[in-house]
Number of protein chains: 2
Amino acid sequence: MSIRYISQKLAQQIDEELMSSNTYAFSLDQLMELAGLSCAQALTKSYPVSSHKRVMVCCGPGNQGGDGLVAARHLHMFRYEPTIFLPKPGNKDIYQRLLKQCQNLNIPILKEVEEFEKKLGVSDLILDAIFGFSFQPPVRKPFDRVLRSLKNSGLPIVSVDIPSGWSVTDGPQPLYTQEDEQGKSEPVETIDPEVLVSLTAPKEGVKGYKGRHWLGGRFVPDSLAEKYNLNLPEYPGVDQVVELPRA
Amino acid sequence: MSIRYISQKLAQQIDEELMSSNTYAFSLDQLMELAGLSCAQALTKSYPVSSHKRVMVCCGPGNQGGDGLVAARHLHMFRYEPTIFLPKPGNKDIYQRLLKQCQNLNIPILKEVEEFEKKLGVSDLILDAIFGFSFQPPVRKPFDRVLRSLKNSGLPIVSVDIPSGWSVTDGPQPLYTQEDEQGKSEPVETIDPEVLVSLTAPKEGVKGYKGRHWLGGRFVPDSLAEKYNLNLPEYPGVDQVVELPRA
């Protein structure tokens, strides 16, 4: 039996069940810590620190961005040199705390697109934690420009959960910016990550993904996996990630 | 430069700095998750699941017990068969949540010493998370009996941070129960773990410890390690534990 690719709706449902006090009672702090650690482990197993030390970690304003902040901290502990790009910091308390933890490790934190583009020119690798499984088009500014810069950089990209800009349901699709006051919208580039880290279970939109594919988030209870027929593979040893066969 | 063995007072100070919103701003949820994961990893690296599947996880009422609950959950994810013994459940909210997470994985949870002793007879290994770095003698009931049962079982013991009952400052010392109403106290056995998992930094009391010794808690910022001259070793790869040279 092969692994199940789950819908956006089921991904949200599973997240709710993991955190509900009536069911699995995990805190967001716990799940984000383990998810971000998974991302840092998958990145390390894909690109050794000796050749890919300088990692640009791009964080969106939601929980996906929080996973990125946790990953950046663990990458620092793994002796990478992460830089965080965070154009729209989330305002949840947990987001502020995760950001502070990174600041206290002296991880550079960029907010301006120009600074980010400059630093991208001297980076080895990108961790894309911009949009997660709640993503709905169109793309808001400045993320259209950010996605174009990622694509044009020619650097390898590790995407978290869903490559940013891809449809969670249908994968890479023509993508546009939000309409401006004159009702005009512009096309947005879609990125093509070398590595993908699916969290909990892969999403429908990455069914045709051809790159290196990891599964992370080793916290899904067997009963939950069985309830939704997730058919998760065995994780090896003490790892927080398991590699999935290439499509 | 060799690793620093820290005092009880400094251990408390470091914990406070890690969690203060003025300094490193970690949540207890995050630190406990990573500490418990370290313990589960060290146990797995010391005793493979193929030969030591049935693990009795003994939890005290404090944060050390919380680490034990997290470790039990990760051991379950690593395909061990943990049983939790918890004679005095802590009443902090986080403790209740960690316990619920284990209950929802159908990990057996024992509260009675008699049940515990019976189950110990069919266990392969013990994880000792009873007393942590805040321990002060004398020993309260029923932990005198619990320590004796652990010792008499002849099973290998993995202790978290400080072997339960050892002085955090002076190591194994003559130990007594709390005085009863007649002013009488009884001697308490001290345990002799095969494996020790020190968290953050080893404590003064384990300087003479001769068994296999792991360091876990890969979250100590360099600036904090430097401030207190901890001289922490490098952790390998993506591991959450590093083995220390034997004394």
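What you are looking at is a predicted structure, and each value in this text was computed from that prediction instead of being measured.

## Structural notes on the relation of the copies chain A and chain B
When chain A is brought onto chain B, the operation consists of a screw motion whose angular component is 180° and whose axial shift is 0.0 Å, with 0.0 Å RMSD remaining. Taken together, the turn and the small shift mark the pair as related by a two-fold rotation axis. A shared interface surface links the copies, since 100% of the contact residues of chain A are contact residues in chain B too.

## Observations concerning the UniProt feature "binding site: K(+)" (unreviewed entry) in chain A
All names here are of chain A. The feature "binding site: K(+)" (unreviewed entry), as given by UniProt, occupies Gln 64, Asp 128 and Ser 164 in the numbering adopted here. Across 101 residues, the annotated set stays spatially compact, with a maximum C-alpha separation of 10.2 Å. In this fold, Gln 64 is placed in helix H3 (residues 63-77). You can call Gln 64 buried: its relative accessible area is 7%. The residues contacting Gln 64, other than those within four sequence positions of it, are Asp 128, Ala 129, Ile 130, Phe 131, Gly 132, Val 160, Asp 161 and Ile 162. Mapped onto the secondary structure, Ser 164 falls in the loop between strand S5 (157-160) and strand S6 (175-176).

## Examining the sheet that holds strand S5 (residues 157-160) of chain B
Through backbone hydrogen bonds, the strands of a sheet pair up, either in parallel or in antiparallel fashion. All names here are of chain B. The strand order across the open sheet formed by eight strands is S3-S2-S1-S4-S5-S8-S9-S10, and the pairing between neighbours is mixed. At either end of the open sheet lies a strand with only one pairing partner, and these are strand S3 (109-110) and strand S10 (241-244). Both strand S2 (residues 81-85) and S3 contribute to a ladder of two bridges, which runs parallel. Looking at the pairing, Phe 85 lines up with Leu 110 of S3. On top of the sheet, helix H2 (residues 28-46) reaches strand S1 (54-59), strand S4 (125-129), S5, strand S8 (195-199), strand S9 (212-216) and S10; it is set at about 155° to S8, its chief contact.

## Concerning the pattern of salt bridges
All names here are of chain A. Scanning the model with the defined rule gives 26 salt bridges over all chains in all. Residue Arg 97 is joined to Asp 93 by a salt bridge in which the shortest nitrogen-to-oxygen separation is 3.1 Å. With a gap of four residues between them, Arg 97 and Asp 93 both fall in helix H4 (residues 93-103), about one helical turn apart. Taken together, the shared-partner salt bridges in this structure form one network comprising Asp 29, Asp 93 and Arg 97.

## A few points about helix H6 (residues 143-153) of chain B
Residue and element names in this part refer to chain B. Those residues of H6 that fall on the buried side of the exposure criterion are Phe 143, Asp 144, Val 146, Leu 147, Ser 149 and Leu 150. At its buried positions, H6 is contacted by S1, S2, helix H5 (113-120), S4, S5 and strand S7 (187-188). Phi turns positive, to about 75°, at Gly 154, one or two residues after H6.

## Brief notes about a negative patch on the surface
Side chains of Glu 179, Asp 180, Glu 181 and Glu 186 of chain A sit close together on the surface and give a patch of like negative charge. Along the polypeptide, Asp 180 of chain A turns up in the loop between S6 and strand S7 (187-188).

## Section: the side chain of Ser 198 of chain B
Residues and elements named next belong to chain B. Topologically, Ser 198 is positioned in strand S8. Side chain to side chain, Ser 198 and His 213 meet in a polar contact 2.7 Å long. In this structure Ser 198 touches Asp 161, Val 206, His 213, Trp 214, Leu 215 and Gly 216, once residues within four positions along its chain are discounted.

## Some points on the interface of chain A and chain B
Taken together, the contacts link 37 residues of chain A with 37 residues of chain B. For chain A, the biggest contributors to the area lost against chain B are Gln 30, Met 77 and Val 238 of chain A; these three give 19% of the whole. In this assembly, chain A and chain B are joined by four salt bridges. Where Arg 79 of chain B meets Glu 234 of chain A, a salt bridge forms, and the shortest distance between an N and an O atom there is 3.6 Å. Sorting the residues of the side of chain A that touches chain B by element identifies helix H2 (28-46), H3, H4 and helix H7 (222-227) of chain A as the ones contributing at least two each. In terms of residue count, the dominant contributor to the side of chain A that touches chain B is H2 of chain A (eight residues). Looking at side-chain class alone, the side of chain A that touches chain B contains 13 nonpolar, 14 polar and 10 charged residues.

## Thoughts on the nonpolar core
In this structure, Phe 116 and Leu 150 of chain A together with Phe 116 and Leu 150 of chain B are the most contacted members of the largest nonpolar core, which totals 166 residues. With sequence-adjacent residues up to four places away left out, Leu 150 of chain A is seen in contact with Cys 58, Phe 116, Leu 120, Ile 126, Ile 130, Ile 157 and Ile 191 of chain A.

## Description of the packing of H2 of chain A against H2 of chain B
Put simply, H2 of chain A and H2 of chain B touch, their axes get as near as 8 Å, and they point 50° apart. When the axes of H2 of chain A and H2 of chain B are compared, the pair comes out oblique. At the point where H2 of chain A passes H2 of chain B, the crossing takes the right-handed sense. Residues Asp 29, Gln 30, Glu 33, Leu 34 and Leu 37 of chain A of H2 of chain A touch H2 of chain B, and the partners they reach there are Asp 29, Gln 30, Glu 33, Leu 34 and Leu 37 of chain B. Grouping the amino acids of the contact of H2 of chain A with H2 of chain B by side-chain chemistry returns four nonpolar, two polar and four charged.

## Some points on the state of the cysteines
Note on terminology: a disulfide is the covalent bond linking the sulfur atoms of two cysteines. Tallied over the entire structure, the rule returns zero disulfides over all chains. No disulfide involves Cys 59 of chain A; its sulfur sits 7.4 Å from the nearest other cysteine sulfur, which is in Cys 58 of chain A. Residue Cys 59 of chain A is classed as buried on the basis of its relative accessible area, which comes to 1%. Note on Cys 39 of chain B: no disulfide assigned, nearest cysteine sulfur contributed by Cys 59 of chain B at a separation of 10 Å. Take Cys 39 of chain B: its relative accessible area is 0%, and that puts it in the buried class.

Rules and cut-offs
Residues numbered from 1 in each chain as written. Chains lettered and ligands numbered in written order. Predicted model: local features only at pLDDT ≥ 70, side-chain atom pairs only at ≥ 80, totals over all residues. Heavy atoms only, no water. Least-squares fit on C-alpha atoms with pLDDT ≥ 70 in both. Contact = heavy atoms within 4.5 Å. UniProt positions renumbered as here; feature names shortened; annotations may be inferred. Helix = DSSP H or I, 4+ residues; strand = E, 2+ residues; numbered from the N terminus. Buried < 20%, exposed > 50% of the residue type's maximum accessible area, 1.4 Å probe, protein only. Pairing = 2+ DSSP bridges. Axes fitted to C-alpha atoms, helices over the stretch in contact; angles between N-to-C directions. Salt bridge = Lys/Arg side-chain N within 4 Å of Asp/Glu carboxyl O. Patch = residues over 30% accessible without salt bridge, like charges linked within 9 Å, V, L, I, M, F, W, Y side chains within 5 Å. Areas by Shrake-Rupley, 256 points an atom, 1.4 Å probe, with all protein chains shown as cover. Lys, Arg positive; Asp, Glu negative; His and termini not counted. Charge placed at Lys NZ, Arg CZ, Asp CG, Glu CD. Polar contact = N/O pair within 3.5 Å; in protein donor to acceptor, adjacent residues only side chain to side chain. Buried area = accessible area lost by both parts, 1.4 Å probe. Nonpolar A, V, L, I, M, F, W, Y, C, P; charged D, E, K, R; others polar. Core = buried A, V, L, I, M, F, W, Y, C linked by side-chain atoms within 4.5 Å. Parallel < 35°, antiparallel > 145°, perpendicular 65-115°, else oblique. Left-handed = near helix turned anticlockwise from the far one by under 90°. Disulfide = S-S within 2.5 Å.

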